[in-house]
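A structural walkthrough
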Amino acid sequence: MQHPVLACRKVSRLYGARASEFVTDGHLTTDNVQTLQEAGITPAIFNVDLDIERGKTFVIMGLSGSGKSTLLRCLAGLTPPSAGQILFESKNLFEFSEADLIQIHRHQMGMVFQHFALLPHLTVLGNVAFPLEIQGRPRAEREEIAQRMIRLVGLEGREHRFPAQLSGGQQQRVGIARSLAGDPDVWFLDEPFSALDPLIRREMQAEVMRLQGMLKKTIVFITHDFEEAVRVADRIAIMKDGQVEQIGTAEELLVSPATDYVRAFTRDAPRAHILTARSIMTTPPSAGPFGGEVNATDRVISFARELDASSLPLAVIENNEVIGAIDRAMLLDILIGPEAQAVGA
Ligand SMILES: Nc1ncnc2c1ncn2[C@@H]1O[C@H](COP(=O)(O)OP(=O)(O)OP(=O)(O)O)[C@@H](O)[C@H]1O
């Protein structure tokens, strides 16, 4: 298997005057959160282990204060962990020299934050070309690349406007173009769209997915919105109080939540868009008759109408074989949720 682009190995970041008392040789001396808290320490992240695969979108979710930003800042090499290791391309990110780390930031990592942080005195073109200027690229080259990025995010014609002359969504597009100008391998997005209204937000999510489809970046994306996570993620890590509760695809989190906290997070999820035929079918398969066929990997939304209209169950097919069946009653379960049915909602 290919090695992950980024990985955390028992990573913790402690805040508090006495934090150093609990770290020896890069390891925490206690596994007990309460002990730390009693010493006035906030474990912003605590014993986090995860792998971020190349070319995939990894989403970090959790309530406010759960440690998402701290984890992202550690992964991006901006905040050193108190204990544990961050591996970037299998090397300890915090053992690179300062000069190497600067090069990694300039050439291999790109970032977009919630607050657009555009330079107000520079035009759109100037803002997008800015990281290339820092990289020391000649003017003609950086303007050519910047123009290309501006086209990529649909802002052509607005190159000479200043940030104050753009809407929030347009400003965020500039931020995206700027973060992509240096052609980073890893793209960090920290709640990039939470300041935008819902329609623009959806548009920007689609934009990120479109760019991801074209550019195949490794993306680390923070959000506290499960629907947003579902739209963009390959895998999702759910954080609580600095710890990772579970990592999985949206479907895995929905079908087998590891804790009540994860279950609560996924309660309002768009189930029909997430669940596949495989995860809701009954096995062993009945012999039929069937009202039709669906593939094991088809999402419920794609066959919901057909199932609703059919008096017979649908056969679930994999490798030309019937591996299960789905009937109409299951659809109700999925669409309104088993809990809602139980309380007669
Ligand atoms: N520089 C700091 N000094 C002290 N405590 C900090 C510092 N940075 C973060 N913390 C604490 O660490 C915890 C995690 O914070 P973090 O910002 O990572 O959470 P978050 O999940 O990103 O929250 P939000 O969604 O509100 O941005 C919080 O309790 C926070 O108060």
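Residues numbered from 1 in each chain as written. Predicted model: local features only at pLDDT ≥ 70, side-chain atom pairs only at ≥ 80, totals over all residues.

With an unreviewed UniProt entry as reference, the protein chain is termed ABC transporter ATP-binding protein, source organism Acetobacter aceti NBRC 14818.

1. Comments concerning helix 6 (residues 168-181)
Helix length check: helix 6 (14 residues) gives 20 Å between terminal C-alpha atoms against 20 Å at 1.5 Å per residue, within 8%. Burial of helix 6 is extensive: eleven of the 14 residues sit out of reach of the surface. For helix 6, every residue scored as buried is listed here: Gln171, Gln172, Arg173, Val174, Gly175, Ile176, Ala177, Arg178, Ser179, Leu180 and Ala181. Contact partners of the buried residues in helix 6: strand 8 (109-113), helix 4 (124-134), helix 5 (139-152), strand 9 (186-190) and helix 7 (198-215). Positive phi shows up at Asp183, right after helix 6, with a value of about 55°. (Helix = DSSP H or I, 4+ residues; strand = E, 2+ residues; numbered from the N terminus. Expected span 1.5 Å × (residues − 1). Buried ≥ 20, exposed ≤ 12 C-beta atoms within 10 Å, placed from the backbone. Contact = placed C-beta atoms within 7 Å.)

2. A short note on the environment of Glu293
Summarising the element assignment, Glu293 is placed in strand 13 (residues 292-295). As a C-alpha pair, Glu293 and Ala315 span 22 residues in sequence and 4.7 Å in three-dimensional space.

3. Structural notes on the site of the ligand
Lining the immediate surroundings of the ligand are Tyr15, Thr42, Ala44, Gly62, Ser64, Gly65, Ser66, Gly67, Lys68, Ser69, Thr70 and His224. Elements with a contribution of two residues or more to the shell around the ligand: strand 4 (42-52) and helix 2 (68-75). When residues of the shell around the ligand are assigned to their parent elements, the largest contribution, three residues, is made by helix 2. Partitioned by chemical class, the residues of the shell around the ligand number two nonpolar, nine polar and one charged. (Near = placed C-beta within 6 Å. Nonpolar A, V, L, I, M, F, W, Y, C, P; charged D, E, K, R; others polar.)

4. Focus: the sheet that holds strand 15 (residues 321-326)
A sheet is described by the order of its strands in space; here three strands give the open sequence 13-14-15, paired in mixed fashion. Each end of this open sheet is capped by a strand with a single partner; those strands are strand 13 and strand 15. The mean angle between the axes of side-by-side strands here comes to 40°, regardless of whether they run parallel or antiparallel. Examined bridge by bridge, strand 14 (residues 314-318) and strand 15 share five bridges and lie antiparallel to one another. When the sheet's bridge partners are listed, Ile317 is paired in strand 15 with Val322. (Pairing = 2+ DSSP bridges. Axes fitted to C-alpha atoms, helices over the stretch in contact; angles between N-to-C directions.)

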